[in-house]
Amino acid sequence: MTGFGEFDLIRELLAPLSGEGAFGLTDDAAVLPKLKHGEAWTVTKDAMVEGVHFLPDSDASTLARKLLRVNLSDLASMGARPVGYFLSLSLSDRQGRAWLTAFCDGLALDQTEFAVALYGGDTTSTPGPLSLSLTAMGAVTRGAELRRNGARAGDTVCVSGPLGGAALGLRALTGALDPTGLPNAVRCYELPEPQIALGQALVGVATACADISDGLVADLGHIARQSGLGARISCKAIPVLPELADAMARDPSLAELPLNGGDDYELVFTLPPTVTPPPGATPIGTIVEGEGVEVLKDGRPLSLSEGGWRHF
Ligand SMILES: [Mg+2]
């Protein structure tokens with residue numbers, strides 16, 4: 001924070017982002033807004049470290065928006081209405097005034113987009129890599145929050161949108177693939193779309209829900225395990241970006257990206273078999289007795305082995 005102290009940062013850049021009850025970040029703590037009758041708080045926290053979760057020298061504004069969005073995605077998976085967030089920044093000497101201004105401009109953009117405000121946090125300097133942490137708060141109808149443990153045998157497994165795009169985008173950004181012709185994939189990686197409206201629409205409808213951060217098989221696996229059941233999905237049914245479909249046609253090893261690429265921030269959820277999937281959602285399989293996630297390709301199960309997904 002060269003030439004720009006913590007109090008300058010709070011007064012000039014962070015205070016304008018603060019919500020009612022945060023007192024312009026002048027006090028020791030915030031007083032949270034009142035919830036509506038029957039609502040409860042749901043709270044989540046995600047950290048991002050330079051070189052681990054994002055590439056060094058990433059654009060500050062985009063980084064701020066991704067940090068907020070990955071947390072809002074967790075609120076979406078609970079069926080929550082987002083309310084606000086707390087922010088913790090561990091800044092290296094490479095984050096000066098211009099970087100911080102861009103970072104806060106990014107937060108302001110997405111605060112408007114998702115109707116949230118800043119309620120507090122902490123900033124410190126670090127001799128290590130840039131480290132960002134955000135705690136997001138949302139409101140759920142008490143007892144009606146979407147959980148991972150409610151899936152039943154025979155339920156339909158759905159996803160909210162195309163998968164594997166972010167993993168393809170990351171390969172383009174790191175130079176592993178030619179980024180030409182992959183603008184949507186790069187955007188998926190840099191600026192995911194938390195499925196807030198869908199999450200809220202699924203309250204009282206879906207039997208289980210999770211957001212896809214670690215990859216479809218891993219996150220659907222959490223739903224299956226928490227529900228004491230298994231899942232069977234069809235490779236062919238999983239929606240992918242046209243860019244990824246083209247890339248997969250050229251390089252079959254990319255076929256694993258929709259299954260375990262991660263960073264998608266779409267929702268995976270289960271519906272009773274009588275319920276029609278909401279607009280935009282795609283049915284990809286079924287909850288079954290047993291355990292684990294079975295992926296079928298051309299009717300035959302695939303298994304994850306070192307180096308990707310293979311036929312048995
Ligand atoms: Mg999650």
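Refer to the preceding data block for the structure.
Let me sum up the structure you'll find in this document. Fair warning: this is a prediction, and the values are worked out from it, not measured in the lab.

**As for the coordination of the magnesium ion**
For step 1, the next point in the chain: Donor atoms from the polypeptide that coordinate the magnesium ion comprise Asp74 (OD) and Asp211 (OD), at 2.1 Å from the metal. On the criterion of sequence distance, the pair formed by aspartate 74 in helix α2 (residues 60-77) and aspartate 211 in strand β6 (residues 208-211) is long-range, its members being 137 residues apart. Of the two residues examined, aspartate 74 and aspartate 211, each falls in the buried class.

**Section: the sheet that holds strand β4 (residues 131-141)**
For step 1, the next point in the chain: Pairing is mixed across the open sheet formed by 4 strands, whose spatial order is β1-β4-β2-β3. At either end of the open sheet lies a strand with only one pairing partner, and these are β1 (39-49) and β3 (117-125). With strand direction ignored, the average angle separating the axes of adjacent strands in the sheet is 15°.
For step 2, the next point in the chain: As paired elements, strand β2 (residues 81-91) and β4 share 9 bridges and run antiparallel to each other. Of the residues in β4, the one forming a bridge with serine 90 is serine 131.
For step 3, the next point in the chain: Sitting on the sheet, helix α1 (residues 6-14) is in contact with β2 and β3, with an inclination near 155° to β3.
For step 4, the next point in the chain: Most of the contacts of helix α3 (residues 97-114) go to β2, to which it runs at about 170°, and overall it touches β2, β3 and β4.

**Considerations on the packing of aromatic side chains**
For step 1, the next point in the chain: For the structure shown, the criterion picks out 1 aromatic pair.
For step 2, the next point in the chain: When the centroid spacing of 5.1 Å and the interplanar angle of 15° are considered together, the rings of tryptophan 99 and phenylalanine 103 count as stacked. Here tryptophan 99 and its partner phenylalanine 103 are both found in helix α3, 4 residues apart, which amounts to about one turn of the helix.
For step 3, the next point in the chain: Residue tryptophan 99 is classed as buried on the basis of its relative accessible area, which comes to 15%.
For step 4, the next point in the chain: Of the residues examined, phenylalanine 103 reaches a relative accessible area of 0% and is grouped as buried.
For step 5, the next point in the chain: Sitting over the ring of tyrosine 189, lysine 66 keeps its end group 3.7 Å from the ring centre.

**Side note on the nonpolar core**
For step 1, the next point in the chain: Grouped together as the largest cluster of nonpolar side chains are 47 residues, with contacts concentrated most on Tyr85, Leu87, Trp99, Phe103, Leu132, Leu202 and Phe269.
For step 2, the next point in the chain: Where this core is concerned, the elements lending two or more residues are α1, β1, α2, β2, α3, β4, α6 (196-201) and β8 (267-271).
For step 3, the next point in the chain: In terms of residue count, the dominant contributor to this core is α2 (9 residues).
For step 4, the next point in the chain: Excluding residues that lie within four positions of it along the chain, phenylalanine 269 makes contacts with Thr156, Val157, Cys158, Val159, Ser160, Leu198, Leu202, Ala206, Ala208, Cys209, Pro278 and Ala281.
For step 5, the next point in the chain: Counting 21 residues, the second largest nonpolar core, distinct from the first, contains Val217, Leu229, Ala231 and Val268.

**Observations regarding the pattern of salt bridges**
For step 1, the next point in the chain: Using the criterion set out here, one finds 10 salt bridges in the structure.
For step 2, the next point in the chain: The closest approach of N and O atoms between aspartate 57 and arginine 94, which form a salt bridge, is 3.5 Å. Here the residue aspartate 57 occupies a position in the loop between β1 and α2, and arginine 94 occupies one in the loop between β2 and α3, the gap between them amounting to 37 residues.
For step 3, the next point in the chain: Using a relative accessible area of 66% as the deciding quantity, one classes aspartate 57 as exposed.

**Examining a nonpolar patch on the surface**
For step 1, the next point in the chain: The grouping of Leu32, Trp41 and Val43 at the surface amounts to a nonpolar patch, some 240 Å² of accessible area in total.
For step 2, the next point in the chain: On the secondary structure map, leucine 32 appears in the loop between α1 and β1.
For step 3, the next point in the chain: Here leucine 32 falls in the partly exposed class, since its relative accessible area comes to 33%.

**Side note on helix α5 (residues 183-190)**
Residues lying three or four places apart along an α-helix face the same way, a consequence of the helix completing one turn every 3.6 residues.
For step 1, the next point in the chain: Listed in full, the buried residues belonging to α5 are Ala185, Val186 and Tyr189. The buried residues of α5 occupy one face: seen down the axis, they fall within an arc of 100°.

**Section: the side chain of asparagine 71**
For step 1, the next point in the chain: Turning to its location among the elements, asparagine 71 is positioned in helix α2.
For step 2, the next point in the chain: Within the structure, the side chain of asparagine 71 is placed 2.9 Å from the backbone oxygen of leucine 67, a separation counted as a polar contact.
For step 3, the next point in the chain: Once residues within four sequence positions are removed from consideration, asparagine 71 is found in contact with Thr44, Lys45, Asp46, Leu134 and Ala136.

**Quick word on the environment of glycine 169**
For step 1, the next point in the chain: Along the polypeptide, glycine 169 turns up in helix α4 (residues 165-173).
For step 2, the next point in the chain: Remark: the alpha-carbon pair of glycine 169 and arginine 147, spanning 22 residues in sequence, is separated by 30 Å.
For step 3, the next point in the chain: Not counting the four nearest positions on each side in its chain, glycine 169 is found in contact with Ala185, Val186 and Tyr189.

**Quick word on the pairing of β6**
For step 1, the next point in the chain: Neither face of β6 is open: one carries Ala208 and Ala210, the other Cys209 and Asp211, and all of them are buried.
For step 2, the next point in the chain: Inspection of the sheet shows β6 paired to β8 by 4 bridges, in the antiparallel sense. Among the inter-strand pairings, aspartate 211 is bridged to a residue of β8, identified as leucine 267.

**A few points about the state of the cysteines**
For step 1, the next point in the chain: Across all of its chains, the model carries 0 disulfides by this definition.
For step 2, the next point in the chain: With no disulfide of its own, cysteine 209 lies closest to cysteine 158 among cysteine sulfurs, the gap being 10 Å.
For step 3, the next point in the chain: On the basis of relative accessible area, cysteine 209 is assigned to the buried category, the value being 2%.

What counts and how
- Residues numbered from 1 in each chain as written.
- Predicted model: local features only at pLDDT ≥ 70, side-chain atom pairs only at ≥ 80, totals over all residues.
- Heavy atoms only, no water.
- Donors = N, O, S within 2.8 Å, 3.2 Å for Na, K, Ca; no water.
- Helix = DSSP H or I, 4+ residues; strand = E, 2+ residues; numbered from the N terminus.
- Buried < 20%, exposed > 50% of the residue type's maximum accessible area, 1.4 Å probe, protein only.
- Pairing = 2+ DSSP bridges.
- Axes fitted to C-alpha atoms, helices over the stretch in contact; angles between N-to-C directions.
- Contact = heavy atoms within 4.5 Å.
- Phe/Tyr/Trp six-rings, centres within 6.5 Å; stacked < 30°, edge-to-face > 60°.
- Lys NZ or Arg CZ within 6 Å of the ring centre and 35° of its normal.
- Core = buried A, V, L, I, M, F, W, Y, C linked by side-chain atoms within 4.5 Å.
- Salt bridge = Lys/Arg side-chain N within 4 Å of Asp/Glu carboxyl O.
- Patch = residues over 30% accessible without salt bridge, like charges linked within 9 Å, V, L, I, M, F, W, Y side chains within 5 Å.
- Areas by Shrake-Rupley, 256 points an atom, 1.4 Å probe, with all protein chains shown as cover.
- Arc of directions from axis to C-beta.
- Polar contact = N/O pair within 3.5 Å; in protein donor to acceptor, adjacent residues only side chain to side chain.
- Disulfide = S-S within 2.5 Å.

All quantities given are derived from atomic positions and should not be read as evidence of function.
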